[in-house]
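Architecture and fold: a report
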Amino acid sequence: MPADDSSDIHCRLDELLEARGMTLTDLSRQVGVSLVNLSVLKNNRAKAIRFSTLTAICDVLECQVGDLLVTTRFKS
C-alpha cells in the first residue's frame, strides 16, 4: 500500500520541551540537528526521521519514542 501525504502520527516535541523548560534552540545544540529540521518535526511536517536523530532527541529529553511520537488514528 503506497504512503499518502496525510499522517496519523503526531509529534509531541513542543509539549516535551515545555515540560522540561527547554527551547528548540537548546535541543538543537544538544542533539546536533539543525533548528530548521527540528522545527519541521515539531510542526508535524516531517516525512521521515533517522533512527539516530530520534534516539538523540529521546536521550536529551529523557523520554521514550512513544512519548515523542503518538498515533492519532485510534483516538475516540
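Preceding block: the structure.
First, a word on scope: everything that follows refers to the structure included in this document. Because the structure is predicted, anything quoted here is derived from the model rather than measured.

Below, the discussion takes up the nonpolar core. Counting residues in each nonpolar core, the largest one holds 17 residues, and the members touching the most others are Leu13, Leu17, Leu27, Leu38, Ile57, Leu61 and Leu68. With near-sequence residues (within four places) excluded, Leu27 lies in contact with Leu13, Leu17, Met22, Gly32, Leu38, Ile57, Val60 and Leu61.

Here the focus is the packing of helix H2 (residues 24–31) against helix H4 (residues 51–61). At a minimum axis distance of 10 Å, the contact between H2 and H4 shows a crossing angle of 115°. The handedness of the crossing between H2 and H4 comes out as right-handed. Residues Leu27, Gln30 and Val31 of H2 lie in contact with H4, whose contacting residues are Ala56, Ile57, Val60 and Leu61. Taken together, the residues of the contact of H2 with H4 sort by class into six nonpolar, one polar and no charged.

All right, on to the environment of Leu54 then. The topology assignment puts Leu54 in helix H4. For Leu54, a relative accessible area of 8% translates into the label buried. Each C-alpha atom, one on Leu54 and one on Leu68, is 8.9 Å from the other, the two residues being 14 residues apart in sequence. Ignoring anything within four residues of it in the chain, the contact list for Leu54 reads Ile49, Val65, Leu68 and Leu69.

What counts, and where the lines are drawn
Residues numbered from 1 in each chain as written. Predicted model: local features only at pLDDT ≥ 70, side-chain atom pairs only at ≥ 80, totals over all residues. Heavy atoms only, no water. Core = buried A, V, L, I, M, F, W, Y, C linked by side-chain atoms within 4.5 Å. Buried < 20%, exposed > 50% of the residue type's maximum accessible area, 1.4 Å probe, protein only. Contact = heavy atoms within 4.5 Å. Axes fitted to C-alpha atoms, helices over the stretch in contact; angles between N-to-C directions. Helix = DSSP H or I, 4+ residues; strand = E, 2+ residues; numbered from the N terminus. Left-handed = near helix turned anticlockwise from the far one by under 90°. Nonpolar A, V, L, I, M, F, W, Y, C, P; charged D, E, K, R; others polar.

Honestly, it's all geometry; don't read function into it.
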